[in-house]
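As a plain string of letters, each chain reads:
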Amino acid sequence: MRIDLTGKVAALLGGSPALNDRLAGCLVASGAQVTQVIEGQVDVVVISPGRLTDKAFMDAEPDDWDSALSNNVEQSVYAMQTAARHMIAQRRSGRMIILSSVAALKPLANMSVVGTSLAVLQVIAQMAAVDLGPYGITVNIIAMGVTDESWIPRSLNVGSLTEVQRYIPLTRVGTIDDVGDVCCFLTSDQAQYITGAIIPVDGGYTLTKAGAGTPPKRE
Amino acid sequence: MRLQGKVALVTGAAESRSIGWGIARALAEEGADVVVNDVALLDELDKRADDLRAQGRRALAIPADVTRADQVSTMIEQTITEMGRLDIVASNAGIVRWESFLDITPANLRAILNVNIKGNVNVCKAAAQHMIRQGQGGKIIITSSVQSDVNFPITPVYGGTKRAMHIFVGCLALELAPHNITVNHIGPGWVQSALNDPAPDQQTPEDIENQRRAVPLHRAGTAYEMGRAVVYLASSDGDYITGEYIRIDGGLALGKD
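In this report, we go over the structure that sits alongside the text. (Residues numbered from 1 in each chain as written. Chains lettered and ligands numbered in written order. Predicted model: local features only at pLDDT ≥ 70, side-chain atom pairs only at ≥ 80, totals over all residues. Heavy atoms only, no water.)

Focus on helix α6 (residues 205-214) of chain B
Along an α-helix, a turn takes 3.6 residues, which lines up residues three or four apart on a common side.
Residues and elements named next belong to chain B.
Move 1: Buried within α6 we find Asp-207, Ile-208, Gln-211 and Ala-214. Mapping the buried residues of α6 onto a view down its axis gives an arc of 120°, with all of them on the same face. Set apart from the buried face of α6 by more than 90 degrees, the exposed residues are Pro-205, Glu-206 and Arg-213.
Move 2: Of the surrounding secondary structure, the elements contacted by the buried residues of α6 are α8 (252-255). (Buried < 20%, exposed > 50% of the residue type's maximum accessible area, 1.4 Å probe, protein only. Helix = DSSP H or I, 4+ residues; strand = E, 2+ residues; numbered from the N terminus. Arc of directions from axis to C-beta. Contact = heavy atoms within 4.5 Å.)

See the structure below:
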């Protein structure tokens, strides 16, 4: 099965330039065109909330919470509403993909700010999936694990991405290409019956007690 | 009397039908001295403190807006000054709005995030700071909702802030465990508190009958029943429980479509 996105237009909203460049690369390689505005034909919208940072709960300041709630929840909700209204007006079925984090799936020490804010967003996205289904619009969530985009969970008490790999069943950290591939799949016709799903793209990280700093046993 | 000698703070406890008041009453019944807090209905808040004193407990009414870190800090300081200690915090204050996804308004989105997330942040952080200094552990219990497990399209933001409590509570439990502070949440189902008075699906006798049918145990929960779960977690029975959630909903989560 080759993923063929020829004729589809993907809008990438939020996210760092580095992230968007890599995602765009995946989508274009599958035949899609990529934009950063919700105008004209838009078949899929990928919403990337802010950067992942970790901070101990007792060290987090009101500004940390304000910025996480504003970027990860409020701005994402407005983007989703704009995209939804546009797709409904276009009378085309469409796809929304939210990039979340494993920190929103399991409590990870020092990730309360990012984890809590993205967990709020995930539910709003799932309820959007319920309401938008009748319009042929799917809304899905990718929970990214540790990727090469700089997040090393402090709870693991390790200093490098190489050491983090011990905690990942698939024995490597993820890449944005791993995430981009799943975005392409969710954009494709083959994914048309998937909605409201939360898909961890994490090499199995959430299967282990990694949040408590215990690596999986390996023979 | 499992909470003799303990001092508890309960936020969102002014209204007589509130879960906050149910919690405060249940804690007091087990011997705790209780500080009750709310942002509004301050005459009612004073009456709640009077009711607690009539039961023979020390009690205090402290108005504060939980979305304001400075007011929460002052509230904790005043609790320590007047009551001498703080052992149990029921971070219960919360709000709800009924707007489905496309109808979410910026003002309501901001309001719900402020009270239901930042309110809990402010109360838990100020309480934990004091408990760490006090050095005798502590109990933090957040009121989430059945909507931390089951979500409804008419309350996407409220439901999001409640489901997020699994992550929030879990992270705090991990990070505060070294100080012997436990952090848990309770999930009320259908309770006929004032919070629910504007609920679009609870307006007519027929609506209420439908609510009743949706609950396997065929009735609303009482605020006091919510309080009893908080007592369990706050007492020594709950000493080995942290990062956990107790759903108190008559089976609503099981049966609702």
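Don't stop here, the text continues.
A look at the packing of helix α4 (residues 106-134) of chain B against helix α5 (residues 156-176) of chain B
What describes two packed helices is the angle between their axes and the distance between those same axes.
Residue and element names in this part refer to chain B.
Move 1: It is the contact of α4 with α5, at a shortest axis distance of 10 Å, that shows an interaxial angle of 20°. Considering their axes alone, α4 and α5 lie roughly parallel with respect to each other. When you trace α4 past α5, the crossing you get is right-handed. Residues Leu-109, Ile-112, Leu-113, Asn-116, Ile-117, Asn-120, Val-121, Cys-124, Ala-128 and Ile-132 of α4 lie in contact with α5, whose contacting residues are Val-157, Tyr-158, Thr-161, Lys-162, Ala-164, Met-165, Phe-168, Leu-172 and Leu-176.
Move 2: Among the residues forming the contact of α4 with α5, the class breakdown is 15 nonpolar, three polar and one charged. (Axes fitted to C-alpha atoms, helices over the stretch in contact; angles between N-to-C directions. Parallel < 35°, antiparallel > 145°, perpendicular 65-115°, else oblique. Left-handed = near helix turned anticlockwise from the far one by under 90°. Nonpolar A, V, L, I, M, F, W, Y, C, P; charged D, E, K, R; others polar.)

What about the interface of chain A and chain B?
Move 1: Listed as interface residues are 39 residues of chain A and, on the opposing side, 36 residues of chain B.
Move 2: In this assembly, chain A packs against chain B so that about 3100 Å² is buried in total across both faces, 76% of it on carbon and sulfur atoms.
Move 3: When the area that chain A buries against chain B is broken down by residue, the three leading residues are Phe-57, Met-58 and Met-127 of chain A, summing to 22%.
Move 4: At the junction of chain A with chain B, the criterion picks out two salt bridges.
Move 5: Across the pair Arg-110 of chain B and Glu-74 of chain A runs a salt bridge whose closest N-O atoms are separated by 2.6 Å.
Move 6: Our count for the chain A to chain B interface comes out at ten residue pairs in polar contact (both at pLDDT 80 or more).
Move 7: Looking at the side of chain A that touches chain B, its residues break down into 27 nonpolar, five polar and seven charged. (Buried area = accessible area lost by both parts, 1.4 Å probe. Salt bridge = Lys/Arg side-chain N within 4 Å of Asp/Glu carboxyl O. Polar contact = N/O pair within 3.5 Å; in protein donor to acceptor, adjacent residues only side chain to side chain.)

Concerning the layout of surface pockets
Residue and element names in this part refer to chain B.
Move 1: Approximately 1000 Å³ is the volume attributed to the largest pocket.
Move 2: In terms of lining residues, the largest pocket is bounded by 50 residues, among which Val-96, Tyr-158, Ser-193, Leu-195 and Asn-196 are the most central.
Move 3: Where the lining of the largest pocket is concerned, the elements lending two or more residues are α1 (19-29), β2 (33-38), α5 and α6.
Move 4: Class assignment of the residues belonging to the lining of the largest pocket gives a composition of 26 nonpolar, 17 polar and seven charged. (1 Å grid on protein atoms, 1.4 Å probe; cavity = no way out; pocket = protein on both sides within 12 Å on 5 of 7 lines; lining within 4 Å. Points joined across faces, edges and corners; volume = space filled by probe spheres on them.)

Focus on the pairing of strand β5 (residues 137-144) of chain A
Residues and elements named next belong to chain A.
Move 1: Counting buried positions over the eight residues of β5 gives eight, a clear majority of the element.
Move 2: Taking every second residue as pointing to the same face, both faces of β5 are buried, with Ile-137, Val-139, Ile-141 and Ala-143 on one and Thr-138, Asn-140, Ile-142 and Met-144 on the other.
Move 3: Looking at chain direction, strand β4 (residues 94-101) and β5 are connected through eight bridges and run parallel. Looking at the pairing, Met-96 lines up with Val-139 of β5.
Move 4: Bridge analysis of β5 against strand β6 (residues 198-201) gives four bridges, and the strand direction is parallel. Residue pairing across strands places Ala-143 opposite Pro-200, the latter belonging to β6. (Pairing = 2+ DSSP bridges.)

Considering the side chain of Lys-139 of chain B
Residue and element names in this part refer to chain B.
Move 1: Its location among the elements puts Lys-139 in strand β5 (residues 138-143).
Move 2: For Lys-139, a relative accessible area of 8% gives the class buried.
Move 3: Side-chain polar atoms of Lys-139 contact the backbone oxygen of Ser-235, separated by 2.8 Å.
Move 4: Those residues in contact with Lys-139 that sit more than four places away from it in its chain are Asp-87, Ile-88, Val-89, Met-131, Thr-182, Leu-233, Ala-234, Ser-235, Gly-238 and Asp-239.

Brief notes about the packing of aromatic side chains
Move 1: Following the criterion strictly, the structure yields three aromatic pairs over all chains and no others.
Move 2: Taken together, a centroid distance of 6.5 Å and an interplanar angle of 75° make the contact between Phe-57 of chain A and Trp-65 of chain A edge-to-face.
Move 3: A relative accessible area of 1% places Phe-57 of chain A in the buried class.
Move 4: With a relative accessible area of 1%, Trp-65 of chain A lands in the buried category.
Move 5: Judged by centre distance (5.6 Å) and plane angle (90°), the rings of Phe-57 of chain A and Phe-168 of chain B are edge-to-face. Residue Phe-57 of chain A is located in the loop between β3 (44-48) and α2 (62-90), and its partner Phe-168 of chain B is located in helix α5; the two belong to separate chains.
Move 6: What makes Phe-168 of chain B buried here is its relative accessible area of 0%. (Phe/Tyr/Trp six-rings, centres within 6.5 Å; stacked < 30°, edge-to-face > 60°.)

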